[in-house]
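Each chain, letter by letter, is given below.
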Amino acid sequence: MKKALIVLPTYNERENIRVLVPQINEIVEKIPHWDVQILIVDDNSPDGTYKEAELLKKKYKNIHLLKGKKEGLGKAYLRGFEYGLEHIKPYVVFEMDADLQHNPKLIPLFLKEIEQGADFVIGSRYIKGGSIPKHWSIDRKFYSVVGNLVASLGFMNFSVHDWTSGYRAQKGLVYKRCN
Ligand SMILES: Nc1nc2c(ncn2[C@@H]2O[C@H](COP(=O)(O)OP(=O)(O)O)[C@@H](O)[C@H]2O)c(=O)[nH]1
Ligand SMILES: [Mg+2]
């Protein structure tokens with residue numbers, strides 16, 4: 001059975017992980033050919049997110065918790081990836097927000113793409129069927145659209161439609177090759 005790891009960085013997401021983790025587990029139970037593990041990377045959130053994470057760890061067998069000091073989202077992901085690849089050894093690693101912005105129902109679709117040969121899958125807001133939240137302010141929409149345009153021009157690659165999406169999955173090997 002292949003293993004997937006969902007890295008969930010958290011900063012003040014106590015209430016959200018209480019909802020999100022059971023949602024993820026309900027969905028992944030329906031794909032028993034994948035062993036899906038969840039790594040919560042919490043940077044000592046003042047709301048005590050780690051206490052909720054510890055409760056979840058007792059309730060479910062697939063929860064891991066990594067604590068650290070706050071150095072921003074990028075560093076939290078790097079720490080999570082390094083720890084996960086060394087100790088959990090997944091075939092696929094997911095990046096996913098813990099704030100309920102990313103729909104866990106899409107996890108099986110990401111994994112299906114990987115099964116069909118993809119190395120890297122992006123949950124895109126800018127393809128048919130994709131969308132950005134209606135409540136986003138005009139400047140957030142602007143930065144998202146312009147940021148994508150700059151990245152496409154910078155890399156001269158127009159096949160990737162959403163460079164700034166935080167919802168993605170990649171093979172662990174791809175991550176290792178890039179580091
Ligand atoms: N561990 C950790 N998580 C963070 C940090 N900053 C943001 N996050 C988490 O990273 C995810 C994405 O952050 P968010 O504020 O939703 O980013 P946005 O959706 O791009 O506005 C959320 O789950 C946050 O709780 C940080 O410094 N450390
Ligand atoms: Mg978010």
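Residues numbered from 1 in each chain as written. Chains lettered and ligands numbered in written order. Predicted model: local features only at pLDDT ≥ 70, side-chain atom pairs only at ≥ 80, totals over all residues. Heavy atoms only, no water.

Let us now look at the pattern of salt bridges. Under the definition given, this model contains seven salt bridges. Here Glu-52 and Arg-18 are joined by a salt bridge, their closest N and O atoms 3.0 Å apart. Here Glu-52, found in helix H2 (residues 49–59), pairs with Arg-18, found in helix H1 (residues 14–28); they are 34 residues apart in sequence, far enough to count as distant. As a salt-bridge pair, Lys-69 and Glu-71 come within 3.4 Å of each other at their nearest N and O atoms. What you see here is one network of salt bridges that share partners, running through Glu-15, Arg-18 and Glu-52. (Salt bridge = Lys/Arg side-chain N within 4 Å of Asp/Glu carboxyl O. Helix = DSSP H or I, 4+ residues; strand = E, 2+ residues; numbered from the N terminus.)

Spatially, six strands are ordered E3-E2-E1-E4-E6-E5 in an open sheet, and the strand pairing comes out mixed. Two strands lie at the open edges of the sheet, namely strand E3 (63–67) and strand E5 (120–122), each paired on one side alone. The average angle at which neighbouring strand axes cross in this sheet is 20°, direction not considered. Both strand E1 (residues 2–10) and strand E4 (residues 92–95) contribute to a ladder of four bridges, which runs parallel. Across the sheet, Leu-5 pairs through a bridge with Val-93, a residue of E4. Contacts from H2 reach E1, strand E2 (34–42) and E3 within the one sheet, and its direction differs from that of E3 by about 155°. Docked against the sheet, helix H3 (residues 73–87) engages E1, E2, E3, E4 and strand E6 (168–171), running at close to 150° with respect to E1. (Pairing = 2+ DSSP bridges. Axes fitted to C-alpha atoms, helices over the stretch in contact; angles between N-to-C directions. Contact = heavy atoms within 4.5 Å.)

In short, geometric facts, not functional conclusions.
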